[in-house]
Amino acid sequence: QVQLVESGGGLVQAGGSLRLSCGPSGRTFSSYAMGWFRQAPGKEREFVAAISWSGLHTSYADFVKDRFTISRDGAKNMVYLQMNSLKPDDTAVYSCAAVRRAINLVVNNPLEYDNWGQGTQVTVSS
């Protein structure tokens, strides 16, 4: 029902920061839970962070806790991932995902999402 487009990736040195953005094409995120996932070369896709459609609830993978922050702006109809203290191990393609939910819950399981962006590359050099 929604088409997602990510932006904000790039090359950054270890310890630096990037802010990823995800926005819809043609539709809003109303009643959609959102998540960020990443996939590095030779590795499986892994959960990074998620946020409920209201923005009141968030969850994070242990390896990004206290470094990354997921947020959403209803007025701009955007979802963000602020990434601080980046490490070389954070290098991956980052994708956002959305799924419609009637209940205000976070969704961490990628199998529950039915809308995906094509991803944005994040490369962290040492």
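Asks: Would you take a moment to explain the overall build of the protein for this structure?
Replies: Across its full length, the protein holds 0 helices and 11 strands. Walking the protein from its N terminus toward its C terminus, one meets helices and strands in the order β-β-β-β-β-β-β-β-β-β-β. By the compact-globule yardstick of 14 Å for 126 residues, the protein fits well, its C-alpha radius of gyration being 14 Å. Overall, the C-alpha framework of the protein stretches about 45 × 30 × 25 Å when taken along its three principal axes. Here the protein, with 126 residues, has 43% of them falling under the buried criterion.

Asks: I would appreciate a short explanation of the state of the cysteines in the present structure.
Replies: Joining two cysteines, a disulfide is a covalent bond between their sulfur atoms. One pass over the structure, following the stated rule, counts 1 disulfide. Put simply, Cys-22 and Cys-96 are joined by a disulfide, and their sulfur atoms are 1.9 Å apart. On the sign convention where negative is left-handed, the bridge of Cys-22 and Cys-96, at about 50 degrees about the S-S bond, is right-handed. Of this pair, Cys-22 sits in strand β3 (residues 18-25) while Cys-96 is found in strand β9 (residues 92-100), placing the two residues 74 residues apart along the sequence. Each member of the pair, Cys-22 as well as Cys-96, carries the same accessibility label: buried.

Asks: Which parts of the structure should I look at to understand empty space enclosed by the protein?
Replies: To find leftover empty space, one rolls a probe the size of a water molecule over the atoms. For the structure shown, the criterion picks out 1 cavity of 30 Å³ or more. One number sums up the size of the largest cavity: a volume of about 40 Å³. When the residues that make up the lining of the largest cavity are grouped by side-chain class, the tally is 2 nonpolar, 1 polar and 5 charged.

Asks: Just checking my understanding: could you explain the pattern of salt bridges for this structure?
Replies: Two side chains with opposite charge may pair up if their charged atoms get near one another. According to the stated counting rule, one finds 5 salt bridges in the structure shown. The shortest N-O distance in the salt bridge between Arg-38 and Asp-90 comes to 2.9 Å. Residue Arg-38 is located in strand β4 (residues 32-39), and its partner Asp-90 is located in the loop between β8 (78-83) and β9; the two are separated by 52 residues in the primary sequence. A single burial state applies to Arg-38 and to Asp-90, both of which are buried. Overlapping salt bridges bring together Arg-38, Glu-46, Arg-67 and Asp-90 as one network.

Asks: Sorry, what's going on with the environment of Trp-53 here?
Replies: By the element assignment, Trp-53 lies in the loop between β5 (46-51) and β6 (58-60). What makes Trp-53 partly exposed here is its relative accessible area of 33%. Discounting residues that sit within four places of it in the chain, Trp-53 has contacts with Ser-31, Tyr-32, Ala-33, Arg-72, Arg-101, Ala-102, Ile-103 and Asn-104. In this structure the side chain of Trp-53 is engaged in a polar contact, spanning 3.4 Å, whose partner is the backbone oxygen of Arg-101.

Asks: So what exactly am I meant to see when it comes to the nonpolar core here?
Replies: In a soluble, globular protein the nonpolar side chains are often hidden away together inside. Ranked by size, the top nonpolar core spans 35 residues in total, and within it Met-34, Trp-36, Val-48, Phe-68, Leu-81, Met-83 and Tyr-94 carry the most contacts. Of all elements in the fold, only β3, β4, β5, β7 (68-73), β8, β9 and β11 (120-125) reach the threshold of two or more residues within this core. In this view, Val-48 contacts Trp-36, Phe-37, Arg-38, Ser-59, Tyr-60, Ala-61, Val-64, Phe-68, Leu-81 and Tyr-94; residues no more than four positions away in its chain are not counted.

Reading the values: the criteria
- Residues numbered from 1 in each chain as written.
- Predicted model: local features only at pLDDT ≥ 70, side-chain atom pairs only at ≥ 80, totals over all residues.
- Heavy atoms only, no water.
- Helix = DSSP H or I, 4+ residues; strand = E, 2+ residues; numbered from the N terminus.
- Rg over C-alpha atoms; globule rule 2.2 N^0.38 Å.
- Buried < 20%, exposed > 50% of the residue type's maximum accessible area, 1.4 Å probe, protein only.
- Disulfide = S-S within 2.5 Å.
- 1 Å grid on protein atoms, 1.4 Å probe; cavity = no way out; pocket = protein on both sides within 12 Å on 5 of 7 lines; lining within 4 Å.
- Points joined across faces, edges and corners; volume = space filled by probe spheres on them.
- Nonpolar A, V, L, I, M, F, W, Y, C, P; charged D, E, K, R; others polar.
- Salt bridge = Lys/Arg side-chain N within 4 Å of Asp/Glu carboxyl O.
- Contact = heavy atoms within 4.5 Å.
- Polar contact = N/O pair within 3.5 Å; in protein donor to acceptor, adjacent residues only side chain to side chain.
- Core = buried A, V, L, I, M, F, W, Y, C linked by side-chain atoms within 4.5 Å.

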